[in-house]
Amino acid sequence: MRIEGAGALVAGGASGLGAATARRLAAGGARVTIADVNEDKGDALAGELAGRFVRCDVTDAEQVQAAVEAAGGLRISVCCAGIGWAEKTAGRRGPHSFDPFETVIRVNLIGTFNVLRLAAAAMLANEPDDDGERGVCVNTASIAAYDGQIGQIAYSASKGGIVGMTLPAARDLAASGIRVVTIAPGLFDTPLLAGLPEDARAALGEQVPHPHRLGRPEEYGDLAAHIVENPMLNGEVIRLDGALRMPPR
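Definitions and cut-offs
- Residues numbered from 1 in each chain as written.
- Predicted model: local features only at pLDDT ≥ 70, side-chain atom pairs only at ≥ 80, totals over all residues.
- Heavy atoms only, no water.
- Core = buried A, V, L, I, M, F, W, Y, C linked by side-chain atoms within 4.5 Å.
- Buried < 20%, exposed > 50% of the residue type's maximum accessible area, 1.4 Å probe, protein only.
- Helix = DSSP H or I, 4+ residues; strand = E, 2+ residues; numbered from the N terminus.
- Pairing = 2+ DSSP bridges.
- 1 Å grid on protein atoms, 1.4 Å probe; cavity = no way out; pocket = protein on both sides within 12 Å on 5 of 7 lines; lining within 4 Å.
- Points joined across faces, edges and corners; volume = space filled by probe spheres on them.
- Nonpolar A, V, L, I, M, F, W, Y, C, P; charged D, E, K, R; others polar.
- Contact = heavy atoms within 4.5 Å.
- Salt bridge = Lys/Arg side-chain N within 4 Å of Asp/Glu carboxyl O.

Draft legend 1. Summary view of the nonpolar core. Judged by nonpolar contacts, the single largest core of 32 residues is most densely connected at Leu25, Val32, Ile34, Ile76, Tyr220 and Ile227. If you list the elements that add at least two residues to this core, you get strand 1 (7–11), helix 1 (16–27), strand 2 (31–36), helix 2 (39–49), strand 4 (74–79), strand 7 (135–140), strand 8 (178–185) and helix 9 (217–229). For this core, the element with the most residues is helix 9, which contributes six residues.

Draft legend 2. Structural context of the pairing of strand 8. Within strand 8, eight of the eight residues are buried, which leaves the element mostly enclosed by the surrounding structure. The alternating pattern of strand 8 places Ile178, Val180, Thr182 and Ala184 on one face and Arg179, Val181, Ile183 and Pro185 on the opposite face, and all of these are buried. Examined bridge by bridge, strand 8 and strand 9 (residues 237–240) share four bridges and lie parallel to one another. Across the sheet, the residue bridging to Pro185 is Leu240, located in strand 9.

Draft legend 3. Structural context of the layout of surface pockets. What the largest pocket holds in volume is close to 1200 Å³. Lining the largest pocket we find 46 residues, and of these Gly82, Ile83, Tyr155, Thr190 and Leu192 sit closest to its centre. Contributing elements (two or more residues each) for the lining of the largest pocket: helix 1, strand 2, helix 5 (144–147), helix 6 (153–174) and helix 7 (191–194). Classifying every residue of the lining of the largest pocket by side-chain character gives 25 nonpolar, 15 polar and six charged. Reported here for the second largest pocket is a volume of approximately 190 Å³. Looking at the lining of the second largest pocket, the elements that each hand over two or more residues are strand 5 (90–91) and strand 6 (94–95). Of the residues in the lining of the second largest pocket, the class split is two nonpolar, three polar and four charged.

Draft legend 4. Representation of unusual backbone geometry in the model. Across the junction of His210 and Pro211, the peptide omega takes the value 0°, indicating a cis bond. Among the secondary structure elements, Pro211 is positioned in the loop between helix 8 (198–206) and helix 9. Its identity as a non-glycine residue notwithstanding, Ala50 has a phi of 55°, on the positive side. Here Ala50 shows up in the loop between helix 2 and strand 3 (52–55). Positive phi is not limited to glycine here, since Ala243 has a value of about 70°. Looking at the element boundaries, Ala243 is found in the segment after strand 9.

Draft legend 5. Main features of the environment of Met123. Within the secondary structure, Met123 sits in helix 4 (residues 98–123). Distance from Met123 to Arg179, taken between C-alpha atoms, is 11 Å for residues 56 residues apart in sequence. Residue contacts for Met123: discarding those within four places in its chain leaves Leu74, Arg75, Ile76, Ser77, Arg134, Gly135, Val136, Cys137 and Ile178.

Draft legend 6. Quick peek at the pattern of salt bridges. The full count for this structure, using the stated rule, is nine salt bridges. Measuring nitrogen to oxygen at the nearest pair gives 3.3 Å for the salt bridge that ties Glu39 to Arg55. Pair noted here: Glu39 is in helix 2 and Arg55 is in strand 3, with a separation of 16 residues, a long-range link. Note that Arg245 and Asp241 form a salt bridge whose closest N and O atoms lie 3.2 Å from each other. The structure contains a network of salt bridges with shared partners spanning Asp147, Arg239, Asp241 and Arg245.

The values reported here are purely geometric and, on their own, carry no functional implication.
Structure below.
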């Protein structure tokens, strides 16, 4: 699918992986709409890219629908919205808190599904291109879906759910010419890690076999753009991790 001239929605697009993806799609000629809860960063990036910003909580159906409609002629949907939480299943302090687990699942998994279902529904109205495509949906999981570490049960469960949605969603939408692909990033230099001291960030990068560093958000954006343009990528989860396999801790 051609990026140039396509309507694109990037949920969680105000910073990190989402911002890099928004920039990459805009550079390719897409009309980018950024949906995020961070109004200051979202507005600033939309201005930089001559795009649009819509304040959007991915768990709110009405807000996501408004973002989808703002994108206009939506053909590309990328969901990067997500949060983290660290707590063991049970320990000396008792069982894992219920509310944070539910919140992580709601934002990461249900929020991704919310964007996916509403974006795909809008794409059904598109005329197919020369390859019979109406749209592409790219979701964001994590290698934690496979290599969840101690204390990551909520995060891993949420990302594992995104992995599990990929193939059935692709099969559901195949007859309509809509592809679904998930990226599972490893350790990336995003705002989630920005608060760590430089030596701690460098130590994390040293864990990656090759390249021996943290991933760059632009590398996620490049892969998202390639997925859009490669019609044979469908129903697949792609690890973007430099061959990293996370240890228990």
